[in-house]
Amino acid sequence: MTIDDHGAGSGFATRAIHVGQDPDGATGATIVPIYQTSTYTQEAPGVNKGYEYSRSGNPTRAALEECMASLEGARYGLAFASGLAATTAVMSTLLSPGDHVVAGDDLYGGSYRLFDKVLKEGGGLDFTYADTTDPESVEGALTPETKLLWIETPTNPLLTISDVAALSEMAHERGAIVAVDNTFASPYFQNPLALGADIVVHSTTKYMGGHSDVVGGAVMTSNEESYESIKFYQNAAGAVPGAFDSWLVLRGLKTLAVRMRQHKENALAVARFLQDHPKVDRVYYPGLPSHPQHELAKKQMSGFSGMVSFTLEGGTEAAYAAMKRTKLFHLAESLGGVESLLTHPATMTHAAIPKEQREARGVTDGLMRLSVGIEDGDDLVADLESAISSG
Ligand code: P1T
């Protein structure tokens with residue numbers, strides 16, 4: 001089966017399994033081989049089969065890039081060695097020292113650290129953090145120097161939702177481009193390019209890879225000029241994934257649709273359980289009608305994904321006790337794998353943000369974040385029940 005034009009006309013799951021993944025031309029191998037080679041033998045100087053050196057291009061990586069672009073509804077996809085390498089590529093390529101960036105004020109802590117300690121201090125970029133759930137806050141932060149609006153939605157770890165269509169229109173009117181970190185939703189539930197954004201970034205370490213066994217990143221765009229310059233940077237700076245890591249993400253993509261449906265179902269069950277539990281203080285999940293942006297989430301996402309955050313009535317002390325008691329939810333950083341994880345943002349994923357700023361943003365010491373996996377939902381709820389209730 002050959003799927004042309006990035007699988008146009010085919011459904012998501014079909015594209016995930018087939019786009020960029022025709023049988024191998026040399027052997028007929030049904031699955032894209034792991035082209036574990038650094039270089040390619042040339043017939044004569046300048047005469048080759050399209051590949052010269054694996055930093056510049058590798059067939060396993062090329063298959064992954066084509067498939068990911070199709071899933072995001074993008075013309076182009078580029079794979080990177082990590083999500084932060086993908087973010088660095090976008091920022092370093094499309095911006096120059098002195099440019100201003102407006103970024104959401106609830107972000108993965110590592111993205112904030114990259115912006116604040118590397119791209120601002122070393123790269124000369126100027127950042128303003130705004131509440132991207134509030135278009136007026138973004139409007140007030142945009143200046144004539146603003147070149148890029150950086151949106152994470154849903155956010156890490158507070159699961160807020162920002163209106164990508166409205167913010168893209170506003171930014172474009174002011175001459176800025178829009179990049180969306182779509183890691184938490186995955187392309188199965190949300191396609192920011194279709195909502196008006198210019199660039200999508202993913203940590204493929206998460207849902208796209210899906211098995212907690214690889215670190216990777218991706219950039220997708222339909223803008224040819226941006227693609228060409230980010231591709232140039234990809235080769236010139238060199239933060240590319242190896243063939244095996246590319247293959248692991250490609251294999252993960254094949255089951256993305258079924259996994260995301262189960263993540264969503266289990267997360268909703270967990271969020272409802274937490275919401276009704278007397279020892280639970282707050283639950284953050286865009287799929288609950290009580291979530292402040294629930295209607296917007298319904299409009300721009302086709303499902304609410306698998307991330308849930310919560311606090312307990314007993315505060316930090318109760319949270320620390322509960323985190324020691326879960327058995328299925330392992331206490332670990334990262335998310336989006338088939339296995340459930342429990343994270344303490346204040347000491348783990350968001351430790352790079354100074355305590356005062358972190359707490360002002362709502363990331364308190366008592367906040368816990370769940371990456372709800374695809375185990376049996378009843379078992380996950382029972383695990384949380386015993387961890388919370390026995391306190
Ligand atoms: O870890 P890396 O592949 O470099 O991805 C960075 C990244 C980017 N964007 C978002 C929204 C993320 O959540 C991450 C990584 N996050 C975690 C490791 C975490 O546990 O939140």
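1. A word on the overall build of the protein
- When you go through the protein residue by residue, the secondary structure sums to 14 helices and twelve strands.
- At 21 Å, the protein has a C-alpha radius of gyration in line with the 21 Å of a compact globule built from 391 residues.
- Reported as C-alpha extents along the three principal axes, the dimensions of the protein are approximately 70 × 50 × 35 Å.
- A total of 391 residues make up the protein; the buried ones form 53% of that total.
- If you take every contact in the protein between residues at least 6 apart in sequence, the share linking residues at least 24 apart comes to 71%.
- A total of about 16100 Å² of accessible surface is found on the protein, and carbon and sulfur atoms cover 51% of it.
- Considering the protein, the positive charge centre built from 29 side chains and the negative charge centre built from 48 side chains are found 4 Å apart.

2. Looking at the pattern of salt bridges
- Under the defined criterion, the tally for this structure stands at eleven salt bridges.
- Where Asp99 meets Lys147, a salt bridge forms, and the shortest distance between an N and an O atom there is 3.1 Å. Note that Asp99 is positioned in the loop between helix 3 (83-94) and strand 2 (100-104) and Lys147 in strand 4 (residues 146-152), a separation of 48 residues in sequence.
- A salt bridge links Glu295 to Lys298; its shortest N-O distance comes to 3.6 Å.

3. Digging into the sheet that holds strand 4
- Taking strand neighbours across the sheet as the criterion, the seven strands line up as 1-7-6-5-4-2-3 in an open arrangement whose pairing is mixed. Each end of this open sheet is capped by a strand with a single partner; those strands are strand 1 (76-80) and strand 3 (126-130). Strand-to-strand, the axes of this sheet are offset by a mean angle of 20 degrees, without reference to chain direction.
- Strand direction decides the pairing type here: strand 5 (residues 177-181) and strand 6 (residues 199-203), joined by three bridges, are parallel.

4. Regarding the domain arrangement of the protein
- Assigned domains within the protein: domain 1 (3-253) and domain 2 (257-389).
- Here the C-alpha centre of domain 2 lies 26 Å away from the C-alpha centre of domain 1.
- Contact residues are listed per partner, giving 41 residues for domain 1 and 40 residues for domain 2.
- Carbon and sulfur atoms supply 60% of the area that domain 1 and domain 2 bury against each other, a total of about 3200 Å² over both sides.
- Counting across the domain 1 and domain 2 interface gives zero salt bridges.
- Broken down by secondary-structure element, the contributors of at least two residues to the side of domain 1 that touches domain 2 are helix 1 (12-18), helix 4 (109-120), helix 6 (164-173), helix 7 (186-189) and helix 9 (243-254).
- With four residues, the top contributor of residues to the side of domain 1 that touches domain 2 is helix 4.

5. A look at the packing of aromatic side chains
- Enumeration over the complete set of coordinates arrives at ten aromatic pairs.
- Residues Phe115 and Trp150 carry aromatic rings whose centres are separated by 5.5 Å and whose planes lie at 85 degrees to one another, so their mutual orientation is edge-to-face. Note that Phe115 is positioned in helix 4 and Trp150 in strand 4, a separation of 35 residues in sequence. Take Phe115 and Trp150: they sit in the same class, and that class is buried.
- For the ring pair Tyr285 and Phe304, a centre distance of 6.4 Å and an interplane angle of 75 degrees mean the geometry is edge-to-face. You can see Tyr285 sitting in the loop between strand 8 (280-284) and helix 11 (294-300) and its partner Phe304 sitting in the loop between helix 11 and strand 9 (307-312), a full 19 residues away along the chain.
- Aromatic rings pair up to connect Tyr112, Phe115, Phe127, Tyr129 and Trp150 into one cluster.
- One cation-aromatic arrangement involves Arg361 over Tyr129; the distance from NZ or CZ to the ring centre is 5.3 Å.

Parameters and conventions
- Residues numbered from 1 in each chain as written.
- Predicted model: local features only at pLDDT ≥ 70, side-chain atom pairs only at ≥ 80, totals over all residues.
- Heavy atoms only, no water.
- Helix = DSSP H or I, 4+ residues; strand = E, 2+ residues; numbered from the N terminus.
- Rg over C-alpha atoms; globule rule 2.2 N^0.38 Å.
- Buried < 20%, exposed > 50% of the residue type's maximum accessible area, 1.4 Å probe, protein only.
- Contact = heavy atoms within 4.5 Å.
- Areas by Shrake-Rupley, 256 points an atom, 1.4 Å probe, with all protein chains shown as cover.
- Lys, Arg positive; Asp, Glu negative; His and termini not counted.
- Charge placed at Lys NZ, Arg CZ, Asp CG, Glu CD.
- Salt bridge = Lys/Arg side-chain N within 4 Å of Asp/Glu carboxyl O.
- Pairing = 2+ DSSP bridges.
- Axes fitted to C-alpha atoms, helices over the stretch in contact; angles between N-to-C directions.
- Domains from an automatic or database assignment.
- Buried area = accessible area lost by both parts, 1.4 Å probe.
- Phe/Tyr/Trp six-rings, centres within 6.5 Å; stacked < 30°, edge-to-face > 60°.
- Lys NZ or Arg CZ within 6 Å of the ring centre and 35° of its normal.

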